[in-house]
Amino acid sequence: MQLDNNLVRDNVRLIYIDDSQRTNEEYEFTGNEITTSKYTVINFLPKNLFIQFHRVAYIYFLVIAALNQLPPLAVFGRTVSLFPLLFVLTVTAIKDGYEDWRRHRSDRNENNKESLVLQSGKFQLKRWKDIRVGEVVKICVDETIPCDMVLLRTSDPSGVAYIQTMNLDGESNLKTRYARQETSLMSFEGGLTSGVIRCEQPNRNIYEFTANMELNVHKVSLSQSNIILRGCQVKNTEWVVGVVVYAGQETKAMLNSAVSPSKRSRLEQAMNKETIWLSVFLFILCLVVAIGMCLWLMRHQMQIDTLPYYRKSYLIKGKFPGKPYKYYGIPMETFFAFLSSIIVFQIMIPISLYITMELVRLGQSYFMIEDKHMYDSSTNSRFQCRSLNINEDLGQIRYVFSDKTGTLTENKMEFRRATVFGKHYRNSSVVDGTTKDTETAELTKPTPLSSKGRKLKSDIAVDAQLMGLLHKGLDGSEKISAHEFFLTLAACNTVIPIPSQTTSEGSMGTEIHEDLEAIDYQGESPDEEALVAAACAYGYILFERTSGHIAVDVNGEKLRLDVLGLHEFDSVRKRMSVVIRFPNNDVKVLVKGADTSMLSILREDRENDDLSLITQRHLNEYSSEGLRTLVLAARDLEGEELEEWQSMYEDASTSLADRSLKLRQTASLVESNLCLLGATGIEDKLQEGVPETIESLRQAGIKVWVLTGDKQETAISIALSCKLLTGDMHQIIINGTSESECKMLLSEAKAKYGVKCGGFRTQSFKLKKGAESDFVDVLAESKLSNLPTEDDGNPELTMGGPLALIIDGNSLVYILERDLESELFDLATSCRVVLCCRVAPLQKAGIVDLIKSRTDDMTLAIGDGANDVSMIQMADVGVGICGQEGRQAVMASDFAMGQFRFLKRLLLVHGHWNYQRMGYLVLYNFYRNAVFVFMLFCTLCWLQVYFMCGFLNDICTYRLE
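All values derive from a computational prediction rather than experimental measurement. (Residues numbered from 1 in each chain as written. Predicted model: local features only at pLDDT ≥ 70, side-chain atom pairs only at ≥ 80, totals over all residues. Heavy atoms only, no water.)

A. Region of interest: the sheet that holds strand β5 (residues 148-154). An order of β3-β2-β4-β13-β5-β11 is seen for the 6 strands of this open sheet, with the pairing classed as antiparallel. A strand with exactly one partner marks an edge of an open sheet, and here the two such strands are β3 (122-127) and β11 (227-228). As paired strands, strand β2 (residues 114-119) and β3 are joined by 6 bridges and run antiparallel to one another. Among the inter-strand pairings, Ser 115 is bridged to a residue of β3, identified as Lys 126. (Pairing = 2+ DSSP bridges. Helix = DSSP H or I, 4+ residues; strand = E, 2+ residues; numbered from the N terminus.)

Okay, structure coming up:
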């Protein structure tokens, strides 16, 4: 069997299983030790000073201090002149050193963790930093994976493992990974394990993995579903065994982590330029003074002995000769006059300004921290100012890059609406005993209907009418549809039920000794969890799932369903299906998916058509309410059609080439002529105030881009809910699978919508005439108030509406790493909204860098998970959300807060005043010192004129005579 086309011979990486010595001797792979710190003991001082002296003013102050050490120029004490600069440098160095010491401590703790590694036929503990490529590692439940490993075996006989990838993509939902059947029954302890893995070289793409494995001259293919990555955690699986393929800095997690940059405010960068120009101007002033001194000395060189300050000897009690005076001649005296003028005029660029700026920033931070409007009572967290260097940059932001999960949303979805057999039912949450939705029918709390006392951990209110329909003794079409509807919700998914024992309470709060099996659900997407939880509330409780069957408790009756095949959701079909066999040997295919893909594959008959029209009307109502919708359908599968599907499915699932295409063709065989069951409406709960915040930022001329690792359909739905996307926008979708295809899609989009080379650099939003808001006045005289007008070349005027660019991470692999960045930039800057889906952490940073490197606009990145760290560090300003996905984003951020809605006040109030006050402070100091220096300069020039005219010389000569 030949290697995959992507595995070019020069790029093949060979790993000998359980033979790390041979693997590393031949290829010299890196170890598993990681380093995230910036300094070492040896390079700390030079590297830190190099970074600090990026402030041009520091170089200027260093030159002044050096000049003051020369005896002829020592205006101040030699030691005293060094104190201001040394103080500033020392304080900054101590702060930077402490921050890097914390990184060293974190690296040391990470590298010294231990995992079980196969050594001499036994699994023994070994420190992470000593793990090498080719070794076999065993990870137990809830442990973190130390390196990128190919799964060989799991505690599940079918080879399934459940992984939490929160540190990679920010999603708390479990992902499913598999060990190949050829290795799932292998014994590692006490036996010899051999084999060779051929895989691609290390890369940053966390959503793809191309490799194959040779065992006993038999080769099997490996894909993304067979690899577990560093930083992930093993969940709901007792143990997993894998072989290390990437270690240390070559792991995908480390390749996607960027080095923490040293951020400097845009105002300081501008001050560097102004300092250079002021230095040039100061040089000219000192040169004028030196030239004047030279001319004066040349005019009076014959009277040097009698002129004050220039006679060869001092007068001692009116007698000559006195103490000799150091006179170096006209050229050197002119040069010393030039240097002395620099010292006298040095306040043109005051070092006190930098100290004053730090004090002002400290006060600004106090105002932001103590702002009660940015206090989050739900998490008891207040605003954090983690960096004092860039407060004023908050008032100059033009691009906001935001994560989705946990930043815009709470990542909590609730089942709200359902239409079953053409009838509409409502579902609402119960808060404090009352329902939120007053228009609903009578709502009731679900009760455990299982004889074994199973119940859902979270309470979901149910519609009494729909609940009654499910428990009628009638056998009508409506009840059959309702039964299959909830059976599809319970079975057509990849959700994992997690049982736990709880103790129920009596009606008066007294404890009774009745053990209930509480069910919690973990799935790859929160919408699947919400649907399964809804089915559970209506009495269809999924309580067991394996690779071959599922078990559903239907109103107290256990129903075991054999899973013959599962066609997972993909962006082409936009649906998923499961083929199940019932205990009576009936086989059904249960399907759920987007309405655009489901309504076209329904059975064509009068009843189904009428039902479809009613359901479409209900779907339109759900969409208008911002709900996420799914259509459910089913049909029987039997006879030759079943046999044909089984044959095609077995062939496609084991294929080494074009596997996804063959599975898609197999799915299309059974996903046709379906009987419509109904549709659902799910609310993906946004954080409070998100739509209003996004609208306010738009009115301030700020573009909001969303970069998420979630699915494209999910991201679009959330963007619609938070009003980031609107119905009048033209959606440009870029989903390319090759460089040529991405280039073609970008070119077609640019040609279709008339995008010019270089893009539209103006903002897409324009304020309506007469529109006012409570914050527009605050933006007066601020850079944010420079909003575009109708004459700015707005693309909306020529394209008949605003544009929205939607692009996936796979396309960005070909765009950001090839010569297509300019094409993407032209198209993206012409759009009002950009939505990037399925993006890796470093791709998020790449999008931010795309704007930073090609425009002068200020960027801000906001996120809450470890996958947002690179983006936060890359942006000019990084904001961390104190969310549910750890503290990594907060630790890497410049500012931290509890809710996305606080961004409005942070930028439009505090940002504006910080920028305005700091700007006035800098201007005041420069103008004040300039006036003072000009007074000295004019005085010197006036004195030189008088000296050159000889007036003072005549007076002195007369008095001596």
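Further notes follow.
B. Here's a closer look at helix α8 (residues 330-344). Here α8 is 15 residues long and its end C-alpha atoms lie 20 Å apart, about the 21 Å a rise of 1.5 Å per residue gives. Among all positions of α8, only Ile 330, Glu 333, Thr 334, Phe 336, Ala 337, Phe 338, Leu 339, Ser 341, Ile 342 and Ile 343 are buried. Buried residues along α8 sit against α3 (56-67) and α7 (266-299). (Expected span 1.5 Å × (residues − 1). Buried < 20%, exposed > 50% of the residue type's maximum accessible area, 1.4 Å probe, protein only. Contact = heavy atoms within 4.5 Å.)

C. Broad picture of the nonpolar core. Within the largest apolar cluster, 52 residues are counted, with the highest numbers of intra-cluster contacts made by Phe 485, Phe 486, Tyr 521, Tyr 538, Tyr 540, Val 552 and Leu 561. With 8 residues, helix α12 (residues 526-537) is the single largest residue contributor to this core. With sequence-adjacent residues up to four places away left out, Leu 561 is seen in contact with Leu 487, His 549, Ile 550, Val 552, Ile 580, Arg 581, Phe 582 and Pro 583. Core analysis: the second largest hydrophobic core is formed by 47 residues, Val 133, Trp 239, Val 243 and Val 245 among them. (Core = buried A, V, L, I, M, F, W, Y, C linked by side-chain atoms within 4.5 Å.)

D. Spatial organisation of the pattern of salt bridges. This model, assessed by the stated rule, comprises 29 salt bridges. We note a salt bridge from Glu 110 to Arg 230, for which the minimum N-O separation is 3.5 Å. In this pair, Glu 110 sits in helix α4 (residues 83-111) while Arg 230 sits in the loop between β11 and β12 (233-235), placing the two residues 120 residues apart along the sequence. On the accessibility criterion, Arg 230 (4% relative accessible area) is buried. Through salt bridges that share partners, Glu 110, Lys 113 and Arg 230 make up one connected network. (Salt bridge = Lys/Arg side-chain N within 4 Å of Asp/Glu carboxyl O.)

E. Representation of the sheet that holds strand β6 (residues 160-164) within the structure. If you walk across this open sheet you meet the 3 strands as β7-β6-β12, and the pairing is antiparallel. Strands at the two margins of the open sheet, each flanked by one partner only, are β7 (174-178) and β12. Mean inter-strand twist for the sheet, computed between neighbouring axes without regard to direction, equals 45 degrees. With 5 bridges joining them, β6 and β7 adopt antiparallel strand pairing. (Axes fitted to C-alpha atoms, helices over the stretch in contact; angles between N-to-C directions.)

F. Region of interest: α4. The end-to-end C-alpha distance of α4, which contains 29 residues, comes to 41 Å, matching closely the 42 Å that a straight helix rising 1.5 Å per residue would cover. Listed as buried for α4 are Leu 85, Val 88, Leu 89, Ala 93, Asp 96, Asp 100, Asp 107 and Asn 111. Along its buried surface, α4 packs onto α2 (44-52), α3, β3 and α9 (352-369).

G. Here's a closer look at the packing of aromatic side chains. Applying the stated criterion across every chain, the model contains 14 aromatic pairs. Ring geometry for Tyr 39 against Phe 44: centres 5.1 Å apart, planes inclined by 85 degrees, an arrangement best described as edge-to-face. Among the residues examined, Tyr 39 registers a relative accessible area of 4% and is labelled buried. An angle of 50 degrees between the planes, with centres 5.7 Å apart, marks the rings of Phe 281 and Phe 934 as tilted. Remark: Phe 934 occurs in helix α26 (residues 902-949) and Phe 281 occurs in helix α7; sequence separation between them is 653 residues. Each member of the aromatic cluster is reached from another via a ring pair, and the members are Phe 485, Phe 486, Tyr 538 and Tyr 540. (Phe/Tyr/Trp six-rings, centres within 6.5 Å; stacked < 30°, edge-to-face > 60°.)

H. Structural context of the packing of α2 against α4. Packing of α2 against α4 leaves a shortest axis separation of 11 Å and a crossing angle of 115 degrees. Here the hand of the crossing between α2 and α4 comes out right-handed. Taking contact as the criterion, the partners of Phe 44, Asn 48, Leu 49 and Gln 52 in α2 are, on α4, Val 88, Leu 89, Thr 92, Ala 93, Asp 96 and Gly 97. Of the residues that constitute the contact of α2 with α4, the class distribution is 5 nonpolar, 4 polar and 1 charged. (Left-handed = near helix turned anticlockwise from the far one by under 90°. Nonpolar A, V, L, I, M, F, W, Y, C, P; charged D, E, K, R; others polar.)

I. Structural detail: a nonpolar patch on the surface. Where nonpolar side chains cluster on the molecular surface, the patch consists of Ile 276, Trp 277, Val 280, Phe 283, Ile 284, Leu 287, Val 288, Ile 291, Leu 295 and Met 298 and spans about 950 Å² of accessible area. Tracing the backbone through its elements, the reader meets Ile 284 in helix α7. (Patch = residues over 30% accessible without salt bridge, like charges linked within 9 Å, V, L, I, M, F, W, Y side chains within 5 Å. Areas by Shrake-Rupley, 256 points an atom, 1.4 Å probe, with all protein chains shown as cover.)

J. Region of the structure containing the pairing of strand β4 (residues 136-140). Counting buried positions along β4 gives 4 out of 5 residues, so the element sits mostly inside the fold. In this structure, β2 lies alongside β4, joined through 2 bridges in antiparallel fashion. By the bridge assignment for β4, Leu 116 is matched with Lys 138. As paired strands, β4 and strand β13 (residues 239-246) are joined by 5 bridges and run antiparallel to one another. Opposite Val 136, over in β13, you have Val 243 as the bridge partner.

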